[in-house]
Amino acid sequence: MPKYVIERTLPGAGQLTQEQLKGISQTSCKVLEDLGPQINWVHSYVTGDKIYCVYISPNKELIEEHAKRGNFPISSINEVSTVIDPVTSE
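Residues numbered from 1 in each chain as written. Predicted model: local features only at pLDDT ≥ 70, side-chain atom pairs only at ≥ 80, totals over all residues. Heavy atoms only, no water.

**Student:** What am I meant to see in the sheet that holds strand 1 (residues 3-9) here?
**Tutor:** Across a sheet, strands are paired by hydrogen bonds formed along the backbone, either parallel or antiparallel in direction. An order of 2-3-1-4 is seen for the four strands of this open sheet, with the pairing classed as antiparallel. Lying at the two open borders of the sheet, with one neighbouring strand each, are strand 2 (40-46) and strand 4 (76-79). Put simply, the sheet's adjacent strands are angled 20° from each other on average, direction ignored. Taken together, the seven bridges between strand 1 and strand 3 (residues 50-56) define a ladder with antiparallel strand orientation. Bridge assignment links Ile-6 to a residue of strand 3, and that residue is Cys-53. Most of the contacts of helix 1 (residues 18-35) go to strand 2, to which it runs at about 160°, and overall it touches strand 2 and strand 3. (Pairing = 2+ DSSP bridges. Helix = DSSP H or I, 4+ residues; strand = E, 2+ residues; numbered from the N terminus. Axes fitted to C-alpha atoms, helices over the stretch in contact; angles between N-to-C directions. Contact = heavy atoms within 4.5 Å.)

**Student:** Looking at this model, I keep getting lost on the pattern of salt bridges. Mind explaining?
**Tutor:** Close approach of charged atoms allows side chains of opposite charge to pair. By the definition in use, this model includes three salt bridges. Residue Glu-65 pairs with Arg-69 through a salt bridge whose shortest N-O separation is 2.8 Å. Of this pair, Glu-65 and Arg-69 are both found in helix 2 (residues 60-70), four residues apart, which corresponds to roughly one turn of the helix. A relative accessible area of 27% means that Glu-65 is categorised as partly exposed. (Salt bridge = Lys/Arg side-chain N within 4 Å of Asp/Glu carboxyl O. Buried < 20%, exposed > 50% of the residue type's maximum accessible area, 1.4 Å probe, protein only.)

**Student:** What am I meant to see in the nonpolar core here?
**Tutor:** Core analysis: the largest hydrophobic core is formed by 13 residues, its most contacted members being Ile-6, Ile-39, Tyr-55 and Ile-63. Broken down by secondary-structure element, the contributors of at least two residues to this core are strand 1, helix 1, strand 3 and helix 2. In this structure, Ile-39 is in contact with Leu-32, Tyr-55, Ile-56, Ser-57, Leu-62, Ile-63 and His-66, ignoring residues within four places of it in sequence. (Core = buried A, V, L, I, M, F, W, Y, C linked by side-chain atoms within 4.5 Å.)

**Student:** Which parts of the structure should I look at to understand the environment of Trp-41?
**Tutor:** When you line up the elements, Trp-41 lands in strand 2. Contact partners of Trp-41, with chain neighbours within four places excluded, come to Ser-25, Ser-28, Cys-29, Leu-32, Val-54 and Tyr-55. A distance of 3.4 Å separates a polar atom in the side chain of Trp-41 from the backbone oxygen of His-43. A polar contact of 2.8 Å, which involves the side chain of Trp-41, links it to the side chain of Ser-44. (Polar contact = N/O pair within 3.5 Å; in protein donor to acceptor, adjacent residues only side chain to side chain.)

**Student:** I tried to follow the side chain of Ser-28 on my own but got confused; where do I start?
**Tutor:** As for its position among the elements, Ser-28 is in helix 1. Of the residues examined, Ser-28 reaches a relative accessible area of 4% and is grouped as buried. There is a polar contact of 3.0 Å between the side chain of Ser-28 and the side chain of His-66. Not counting chain neighbours up to four residues away, the residues in contact with Ser-28 comprise Trp-41, Tyr-55, His-66 and Phe-72.

Structure follows, in structure tokens:
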């Protein structure tokens, strides 16, 4: 199944408290539960003003529906074509 990286612009994201991040995560998980098992949240990276989320989904439209239902911003959705790491250099 395709893997996607979603960029979300959220000013002050890096300053969110653990409680705020917990609330965002709970909302996301509830929406995912409602959408069914075909979409999965792998993890997210929180930076200064952005959150980068990694999802496994059959298509972009399901990710867009997740964002709509959870009221999450989307700046871009990009399908991952491959993953590289230090082992790739060997």
